[in-house]
Amino acid sequence: MEGKKPSGQGRVLEIELMKAIAIIGMVLVHVFEMSTGIKLASTKQHLAGYSIELFGGILSAGVFMFAMGWGASYSKHATPKTYLKRFLSLFVLGLVINLFEEYLPALLVPDEYGPIGEVLPSILATDIYFFSALMSLYFALLKKLESRRIAAVAVSLLTLGVCFYLNIQTGLESFTTGSEWLDTLLGLLIRVNEYSYFPFISWFFFPILGYWLGFCFQKATMKKALIFAFITGVEAFFFSEWLIRSGRMMDATVFNVLEIEEGYYYDLHPLYALAGYGIIALEFVLAHLAVKLCRNQLHPVLMTMSRNVTQIYVVQWVVIGLLSPVLAGMTNIWSNILTALFVLFVAYFGGKMLKKTNLIRV
């Protein structure tokens, strides 16, 4: 459809396809990073590892967060109370996920991931659902300001500016409270220790961008949206990469996905975030071309993936946690990829079954 996208029209296939691709990258990278002993001896192995990290990075977490904000902009019937309930649901879900992501591997393979007594604070590890819970509170605020659009935009820009400022000023794990429990709790907001995967100030950029671009998309034509995505995507990507390289911040470049220290990725310097937007915007353009080639339809498997993100995410960590003894000793990347495809298969069908039970409501 090249005409206008009316308010509340429904799912945007380009975003749905991006979410499905993000799920595949997410499972591959989680399984890959559980096997710390993998050797990338050949060019093909190195390329495979690089591709996994590339699609499992910004194109996974960044896309999910962007889509989270995009979806919030389409939620016409949601109220501040709706988002407060979602905050509680997501926070509890974050605790459950950490049981399987952090505790179970430590219990099963203490030499590699534990012992459990040393990783107890990881129950508060800021995985994506703790971050999503905090964003639900923020969306509740935006919902309160729904009738005051200029105020909502101003609050969003102010929050983004504060987040960027704090991110730059504090740096990477530059201080500690002296308590690992308090550090991990503080990690909900800012990267303090290894358990702070998606701190609020670092990743706020993606959902708030998705929120306002989703809002604008509903009032624009697809042609204008594609032109905007392409031009701003190219500019954001190359401009940020130029600043990163001229400032000798090579640890922050989006091309350094395989060798980058995980702290630099999760801390997500604003320039890295800007480059990430460039990648997401250009992926939107490519997704549109793919959708047109498929005659404005997506395969049911891809649609099921995009609609069951939460359930698939939960099931994959249950399976990965149970497979941690196998993954801990794995050194061959091809075996790792096959294992990841198995996890994806189980998570896909397990996610469908879990959704039918209606146990998870977010």
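Because the structure is a prediction, the values reported are computed rather than measured.

Caption draft 1: Molecular detail of the environment of R86. When you line up the elements, R86 lands in helix 4 (residues 80-108). On a C-alpha basis, the gap between R86 and A133 in space is 7.0 Å, while along the polypeptide they are 47 residues apart. If sequence neighbours within four positions are ignored, R86 has contacts with S136 and V362.

Caption draft 2: Spatial organisation of the pattern of salt bridges. For the structure shown, the criterion picks out 3 salt bridges. The residue K143 makes a salt bridge to E146 at a minimum N-O spacing of 3.1 Å. By relative accessible area, K143 is classed as buried at 10%. One salt-bridge network, held together by shared partners, links R11, E16 and K19.

Caption draft 3: The confidence of the model for the protein chain, seen in detail. Residues with a pLDDT of 70 or more make up 94% of the protein chain, whose mean pLDDT is 91. Confidence drops under a pLDDT of 50 for residues 1-8, and excluding neighbours within four residues, the segment shows 27 contacts in the predicted structure.

Caption draft 4: View of unusual backbone geometry. Here the amide bond leading from G114 into P115 is cis, since omega sits at 0°, within 30 degrees of zero. Looking at the secondary structure, you find P115 in the loop between helix 5 (110-113) and helix 6 (128-144). In the Ramachandran plot, L268 falls in the positive-phi region, its phi being about 50° despite a non-glycine side chain. Along the chain, L268 turns up in the loop between helix 12 (262-267) and helix 13 (270-293).

Caption draft 5: Geometry of the packing of helix 3 (residues 58-74) against helix 13. At a minimum axis distance of 10 Å, the contact between helix 3 and helix 13 shows a crossing angle of 80°. Classified by the interaxial angle, the pair formed by helix 3 and helix 13 is roughly perpendicular. Packed against helix 3, whose contacting residues are I58, L59, G62, V63 and F66, the element helix 13 presents Y272, G276, I279, I280 and E283 at the interface. Looking at the contact of helix 3 with helix 13, its residues break down into 7 nonpolar, 2 polar and 1 charged.

Caption draft 6: Broad picture of the packing of helix 1 (residues 13-34) against helix 2 (residues 43-55). Interaxial distance between helix 1 and helix 2 falls to 8 Å at its minimum, and their mutual angle equals 125°. As judged from the angle between their axes, helix 1 and helix 2 are oblique. Every pair of crossing elements has a handedness; the one defined by helix 1 and helix 2 is left-handed. Residue-level inspection shows I21, G25, L28, V29, F32 and E33 of helix 1 in contact with helix 2, the latter providing G49, I52, E53 and F55. Within the contact of helix 1 with helix 2, the residues separate by chemical class into 6 nonpolar, 2 polar and 2 charged.

Caption draft 7: Just a nonpolar patch on the surface, in detail. A grouping of L158, V162, Y165 and L166 is seen on the molecular surface, where their side chains present a nonpolar patch of about 390 Å² in accessible area. Assignment of secondary structure puts L166 in helix 7 (residues 149-170).

Caption draft 8: Representation of the environment of L142 within the structure. Here L142 shows up in helix 6. When its relative accessible area of 2% is taken as the criterion, L142 is described as buried. Each C-alpha atom, one on L142 and one on Q218, is 17 Å from the other, the two residues being 76 residues apart in sequence. Excluding residues that lie within four positions of it along the chain, L142 makes contacts with A152, S156, I208 and Y211.

Criteria and thresholds
- Residues numbered from 1 in each chain as written.
- Predicted model: local features only at pLDDT ≥ 70, side-chain atom pairs only at ≥ 80, totals over all residues.
- Heavy atoms only, no water.
- Helix = DSSP H or I, 4+ residues; strand = E, 2+ residues; numbered from the N terminus.
- Contact = heavy atoms within 4.5 Å.
- Salt bridge = Lys/Arg side-chain N within 4 Å of Asp/Glu carboxyl O.
- Buried < 20%, exposed > 50% of the residue type's maximum accessible area, 1.4 Å probe, protein only.
- pLDDT = per-residue confidence, 0-100.
- Axes fitted to C-alpha atoms, helices over the stretch in contact; angles between N-to-C directions.
- Parallel < 35°, antiparallel > 145°, perpendicular 65-115°, else oblique.
- Nonpolar A, V, L, I, M, F, W, Y, C, P; charged D, E, K, R; others polar.
- Left-handed = near helix turned anticlockwise from the far one by under 90°.
- Patch = residues over 30% accessible without salt bridge, like charges linked within 9 Å, V, L, I, M, F, W, Y side chains within 5 Å.
- Areas by Shrake-Rupley, 256 points an atom, 1.4 Å probe, with all protein chains shown as cover.

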